[in-house]
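# Examination of the molecular architecture
Here is what each chain is made of, one letter per residue.
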Amino acid sequence: MNFVFISPHFPHTYWEFCHRLRQNGVRVLGIADAPYDSLQEELKTSLTEYYRVDSLENYDEVYRAVSYFAFRYGRIDWIESNNEYWLEQDAVYAPTST
């Protein structure tokens, strides 16, 4: 399963979601606007890959990130931020059933 987590670094405790997903065999792919080196070590080890964008509010940038992950890892099964601010973005990128 491919799970894209939008803004997994905020708030700082969200790394635990990524960690539990990974423990359960989920491939966790992160997209955010924070430099990779600024992420907590626990988050870094929970992510399969991280894609940095300049702005999470830029649809094209985030779309390219999701497209890259889909090309590299296959179908994206879930996109989530667990952050109310990004709910609209989550809905736009949500995979549709086929």
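Heads up: these notes are all about the structure in this document. Every value quoted in this text rests on a predicted model; they were computed, and no experiment measured them.

On to the overall build of the protein chain. When helices and strands are counted, the protein chain shows four helices and four strands. Reading the protein chain from its N terminus to its C terminus gives the helix and strand order β-α-β-α-β-α-β-α. Sequence separation of at least 24 residues holds for 52% of the intrachain contacts in the protein chain that already meet a minimum separation of 6.

All right, on to the pairing of strand β3 (residues 49-52) then. The sheet contact formed by strand β2 (residues 27-32) and β3 spans four bridges and is parallel. Note that in β3 the partner of Leu 29 across the bridge is Glu 49.

Topologically, Asn 2 is positioned in strand β1 (residues 2-6). Separated by 2.7 Å, the side chains of Asn 2 and Arg 27 make a polar contact. A distance of 3.0 Å separates a polar side-chain atom of Asn 2 from the backbone oxygen of Tyr 73. When neighbours within four sequence positions are excluded, Asn 2 is seen to be in contact with Arg 27, Leu 29, Tyr 73, Gly 74, Arg 75, Ile 76, Asp 77 and Trp 78.

The rules behind each value
- Residues numbered from 1 in each chain as written.
- Predicted model: local features only at pLDDT ≥ 70, side-chain atom pairs only at ≥ 80, totals over all residues.
- Heavy atoms only, no water.
- Helix = DSSP H or I, 4+ residues; strand = E, 2+ residues; numbered from the N terminus.
- Contact = heavy atoms within 4.5 Å.
- Pairing = 2+ DSSP bridges.
- Polar contact = N/O pair within 3.5 Å; in protein donor to acceptor, adjacent residues only side chain to side chain.

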